[in-house]
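These are the residues of each chain, in order.
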Amino acid sequence: VWSRAQPEAGPRLQPGCCRRAGMWGRQEFERVWRREFPGAEVPLLELESVPELRSELEWSRERIRAAQQLLDREKLRLTFLQTALERVAAGSGVAAGSGV
């Protein structure tokens, strides 16, 4: 379960400020998301203030760190299981990919 701290109150973003800063607007984000992940629900981004923007950025960074840790663990597990299967197959004369 992902837990999220509420951002502190801060100055509100001015309309159009994200575009002037070279950032995508909400509609652009939704369009790109739908193109990249057809059928997936578009995440809601409530970015009304600078602290909310920073909080969302940190939230994304934390999720990426956690996902990377999980991926690294699974890669190690996969390597171990493949190696164990190959060793068993080599000792028994059964082909590693045969499912036997």
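Higher on the page you've got the structure.
Below: a short report on this structure. What you see is a predicted model; the values in this text were computed from it and never measured. (Residues numbered from 1 in each chain as written. Predicted model: local features only at pLDDT ≥ 70, side-chain atom pairs only at ≥ 80, totals over all residues. Heavy atoms only, no water.)

Moving on to the overall build of the protein. Helix and strand content of the protein: 3 helices and 0 strands. The burial tally for the protein puts 11% of its 100 residues in the buried class. Put simply, 49% of the contacts in the protein that link residues at least 6 apart link residues at least 24 apart. When the accessible surface of the protein is summed, it comes to about 8600 Å², and 57% of that surface belongs to carbon and sulfur atoms. (Helix = DSSP H or I, 4+ residues; strand = E, 2+ residues; numbered from the N terminus. Buried < 20%, exposed > 50% of the residue type's maximum accessible area, 1.4 Å probe, protein only. Contact = heavy atoms within 4.5 Å. Areas by Shrake-Rupley, 256 points an atom, 1.4 Å probe, with all protein chains shown as cover.)

Scanning the model with the defined rule gives 2 aromatic pairs in all. With 5.8 Å between their ring centres and 40° between their planes, Phe 29 and Trp 33 make a pair best called tilted. Of this pair, Phe 29 and Trp 33 both sit in helix 2 (residues 26-36), separated by 4 residues, roughly a single helical turn. A relative accessible area of 22% places Trp 33 in the partly exposed class. Taking the centre distance of 4.6 Å and the plane angle of 50° together, the rings of Trp 33 and Phe 37 count as tilted. Cluster of aromatic residues (ring-pair linked, three or more members): Phe 29, Trp 33 and Phe 37. (Phe/Tyr/Trp six-rings, centres within 6.5 Å; stacked < 30°, edge-to-face > 60°.)

Right, let's talk about helix 3 (residues 50-92) for a bit. The end-to-end C-alpha separation of helix 3 is 63 Å, in line with the 63 Å expected for 43 residues at 1.5 Å each. Within helix 3 the residues assigned to the buried category are Pro 51, Glu 56, Trp 59 and Ala 89. (Expected span 1.5 Å × (residues − 1).)

The next point concerns the pattern of salt bridges. Within the structure shown, the criterion is met by 6 salt bridges. The salt bridge partner of Glu 58 is Arg 65, with a shortest N-O separation of 2.9 Å. Where Arg 65 meets Glu 62, a salt bridge forms, and the shortest distance between an N and an O atom there is 3.0 Å. Of the two residues, Arg 65 and Glu 62 both sit in helix 3, 3 residues apart, roughly one turn of that helix. (Salt bridge = Lys/Arg side-chain N within 4 Å of Asp/Glu carboxyl O.)

The subject of this paragraph is the environment of Val 42. Tracing the chain through its elements places Val 42 in the loop between helix 2 and helix 3. Exposure remark for Val 42: the relative accessible area of 18% places this residue in the buried category. C-alpha of Val 42 to C-alpha of Phe 29: the two residues are 13 residues apart in sequence and 8.8 Å apart in space. Those residues within four positions of Val 42 in sequence are excluded, and the remaining contacts are Phe 29, Glu 30, Trp 33 and Arg 34.

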